[in-house]
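# Summary of the model geometry
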Amino acid sequence: MHKRNAILLLGIFSIIILIAAQIIIIKGVWRQKDEMLNLRYRLFCQDAIELLARQWSTDGFDTARMIIGSKSEMVLKMMAEKKTDTLSAEERKDLFDYVSLALNKEEDLSAFLSRYFELRGIDKDFTSRIVINRFELVDYDRRIPVYMSEEFASRMLARSDTARRNTPPPDMRRQARSNEIMIKRFGNEYNFYRLDFEFGIDFSDKQKMILREIATSLGLSLFSIILVVSLFIVTYRNLMEEKRLSNLKTDFINNMTHELKTPLSTITVAGRTLEMPIIRTNEEKILETAKMIGKQSVHLNQLINMILEISMWERTQFQLEKKRMRIQDLLNEIIFSFKSGGGKGAVIECKYDFGDLEVDLDPIYFTTMINNLLSNAVKYCDTDPVIEIEGFIRDNNIIISIADNGIGISKNDQKRVFDKFYRASSGNIHKYKGLGLGLYYVRKIAEAHEGDVTVSSKPGKGSIFTITLPL
Ligand code: ADP
């Protein structure tokens with residue numbers, strides 16, 4: 001039990017380590033691919049930007065800069081008229097929004113990049129993003145910046161005011177967009193303003209692109225995990241099955257010894273009795289003892305034959321000698337001899353009427369099969385046994401069911417009772433004698449006739465064994 005748990009724990013532990021290692025490897029590969037993808041696009045973009053500058057002498061933001069220039073001039077004029085060098089918060093916000101709108105709407109770089117990517121045959125579905133780092137109005141008469149953009153101002157503030165740790169760093173927004181690839185930083189001074197911004201592109205299905213690239217390694221590592229897990233499950237199950245079989249064999253040997261010992265000790269005692277001088281003169285006693293020896297030898301022989309026969313099936317196929325039989329007569333015969341033999345005290349109710357129906361079957365094996373079920377019905381019964389035998393034809397099959405009022409079989413044992421050597425209630429194994437072969441025999445015989453046998457049972461209520469044989 002402890003060894004089993006240790007193996008199970010070790011197995012689960014190794015599988016967890018394997019999965020963790022695979023996750024780490026895949027994460028590494030993912031990061032690498034992500035960086036390579038970024039690099040590739042950045043290089044492509046640089047090429048594109050150079051081409052744009054060479055052929056059209058622009059960086060794609062000329063229109064935007066012109067618009068921002070005239071707006072700045074207007075604002076500065078308005079400030080000069082008002083004789084002020086500051087703007088109200090609202091005016092500043094308006095100005096900032098205007099600048100970012102102009103940059104975003106009037107830039108030509110995105111369209112150019114898209115066309116360039118298309119020509120190169122790479123993914124062209126991206127969204128562009130512009131982050132303004134700094135915007136200042138510059139009054140050239142006074143040569144000072146009169147207005148700084150909110151963001152730039154707040155950055156300066158955060159840098160100087162390190163004591164206020166609870167304010168989030170102002171460039172948090174940028175880090176949040178991990179998919180974005182920063183392409184270029186544009187910054188310069190123009191008429192009436194200074195502007196510094198970054199241009200980035202963002203592939204919404206970048207994850208998909210990476211996934212496509214690492215699909216093989218991901219698939220292989222998933223496959224290896226599944227393979228190892230299944231191998232582990234199969235090995236563990238085999239181990240448990242072997243353990244179960246070896247336990248069953250030990251039980252079987254114990255039971256067999258027990259079964260064989262009973263007739264043997266009776267014979268030994270009988271032999272000693274025959275040696276006694278008083279007995280030797282009593283003919284009646286001699287006859288009685290001899291009969292007992294005979295009966296016990298037959299029983300012993302039956303037991304040994306059964307074991308031999310079963311070990312023979314393991315090696316060769318079952319050989320049936322089928323005959324055409326009237327099933328009604330055969331069943332009646334079996335039940336009649338059972339009543340006068342092992343089933344003496346049992347009440348047997350016969351509810352079948354097969355009429356003149358004739359079936360091909362091996363009468364000896366068929367008799368053994370029914371007998372095993374009947375004797376189990378008597379053996380596994382703690383009160384007066386009442387056995388009900390039903391029989392009918394359904395879907396071209398002969399159905400014979402044998403119901404008893406015995407101790408019943410638990411759900412768990414029901415799955416196993418037809419297995420070789422299996423005995424339910426192994427805790428109390430000697431209360432009901434047996435070798436765990438009777439039902440195994442029943443199933444083998446039913447299968448040899450191309451039929452099968454099933455059980456349904458409720459512990460404490462009784463069991464019903466149903467044999468189905470094809471016509
Ligand atoms: P054996 O009787 O020699 O133990 P069997 O193969 O005939 O072996 O039966 C296997 C097990 O199934 C038995 O140990 C018993 O626990 C259970 N069993 C079989 N028939 C019945 C029955 N009619 N009622 C209750 N339990 C049964």
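Report follows, based on the coordinates.

Analysis parameters
Residues numbered from 1 in each chain as written. Predicted model: local features only at pLDDT ≥ 70, side-chain atom pairs only at ≥ 80, totals over all residues. Heavy atoms only, no water. Salt bridge = Lys/Arg side-chain N within 4 Å of Asp/Glu carboxyl O. Helix = DSSP H or I, 4+ residues; strand = E, 2+ residues; numbered from the N terminus. Buried < 20%, exposed > 50% of the residue type's maximum accessible area, 1.4 Å probe, protein only. Pairing = 2+ DSSP bridges. Axes fitted to C-alpha atoms, helices over the stretch in contact; angles between N-to-C directions. Contact = heavy atoms within 4.5 Å. Near = heavy atom within 4 Å. Polar contact = N/O pair within 3.5 Å; in protein donor to acceptor, adjacent residues only side chain to side chain. Nonpolar A, V, L, I, M, F, W, Y, C, P; charged D, E, K, R; others polar. Patch = residues over 30% accessible without salt bridge, like charges linked within 9 Å, V, L, I, M, F, W, Y side chains within 5 Å. Areas by Shrake-Rupley, 256 points an atom, 1.4 Å probe, with all protein chains shown as cover. 1 Å grid on protein atoms, 1.4 Å probe; cavity = no way out; pocket = protein on both sides within 12 Å on 5 of 7 lines; lining within 4 Å. Points joined across faces, edges and corners; volume = space filled by probe spheres on them. Parallel < 35°, antiparallel > 145°, perpendicular 65-115°, else oblique. Left-handed = near helix turned anticlockwise from the far one by under 90°.

Another aspect to go through is the pattern of salt bridges. Two side chains of opposite charge can pair, provided their charged atoms sit close to one another. According to the stated counting rule, one finds 22 salt bridges in the structure shown. Asp47 serves as the salt-bridge partner of Arg120, at 4.0 Å between the closest nitrogen and oxygen. Highlighted residues: Arg120 in helix α4 (residues 109–120) and Asp47 in helix α1 (residues 2–56), separated in sequence by 73 residues. Here Asp360 makes a salt bridge to Arg324, at a shortest N to O gap of 3.1 Å. Taken together, the residues span a long stretch of sequence, with Asp360 in strand β7 (residues 358–361) and Arg324 in strand β5 (residues 323–326) at a distance of 36 residues. Given the relative accessible area of 41%, Asp360 is considered partly exposed.

On to the sheet that holds strand β6 (residues 347–352). Read across the open sheet, the 5 strands follow the order β6-β8-β9-β11-β10; overall the sheet is mixed. Both edges of this open sheet fall to β6 and β10 (452–458), since each of them pairs with a single strand only. Strand-to-strand twist in this sheet, taken as the mean axis angle between neighbours without regard to direction, amounts to 15°. As paired strands, β10 and strand β11 (residues 462–470) are joined by 7 bridges and run antiparallel to one another. The residue bridging Val455 from the neighbouring strand is Phe465, located in β11. Packed on one face of the sheet, helix α10 (residues 327–340) meets β6, β8 (386–394) and β9 (397–403) and runs near 175° to β6.

Once that is clear, we can look at the site of the ligand. Inspection of the region around the ligand gives 20 residues, with Asn376, Tyr380, Asp404, Arg423 and Leu439 positioned closest. One nitrogen or oxygen atom from the side chain of Tyr380 is found 2.6 Å from an oxygen atom belonging to the ligand. In terms of residue count, the dominant contributor to the shell around the ligand is helix α11 (residues 363–379) (3 residues). When grouped by side-chain class, the residues that make up the shell around the ligand number 11 nonpolar, 6 polar and 3 charged.

The next thing to look at is a nonpolar patch on the surface. Residues Phe223, Leu227, Val228 and Leu231 make up a contiguous nonpolar surface patch of roughly 380 Å² in combined accessible area. Along the chain, the position of Phe223 falls in helix α7 (residues 206–275).

A separate point is the layout of surface pockets. Empty space within the largest pocket amounts to approximately 1500 Å³. In terms of lining residues, the largest pocket is bounded by 49 residues, among which Asn372, Ser375, Asn376, Lys379 and Gly438 are the most central. Mapped by element, the contributors of at least two residues to the lining of the largest pocket are α7, α9 (283–315), α10, α11, α13 (438–448) and β11. Looking at the lining of the largest pocket, the element that brings in the most residues is α11, giving 9 residues.

Next up on the list: the environment of Ser114. Mapped onto the elements, Ser114 comes out in helix α4. Residues Ser114 and Ala48, 66 residues apart in the sequence, show an inter-C-alpha distance of 9.8 Å. In this structure Ser114 touches Lys124 and Phe126, once residues within four positions along its chain are discounted.

With that out of the way, let us pick up the side chain of Arg65. Of note, Arg65 is situated in helix α2 (residues 62–82). Here the side chain of Arg65 touches Asp59 through a polar contact of 2.7 Å, side chain to side chain. Beyond its immediate stretch of four places on either side in the chain, Arg65 contacts Asp59, Phe186, Tyr190 and Tyr193.

One can describe the packing of α10 onto α11 by two numbers: an axis separation of 10 Å at closest approach and a directional angle of 45°. In terms of orientation, α10 lies oblique with respect to α11. In terms of crossing hand, the pair formed by α10 and α11 is right-handed. Side by side, α10 and α11 meet where Ile327, Leu330, Leu331, Ile334, Ile335 and Phe338 of the first sit next to Pro363, Phe366, Thr367, Ile370, Asn371, Leu374, Ser375 and Val378 of the second. Partitioned by chemical class, the residues of the contact of α10 with α11 number 11 nonpolar, 3 polar and no charged.

Spatial relationships are all this shows, so hold off on functional conclusions.
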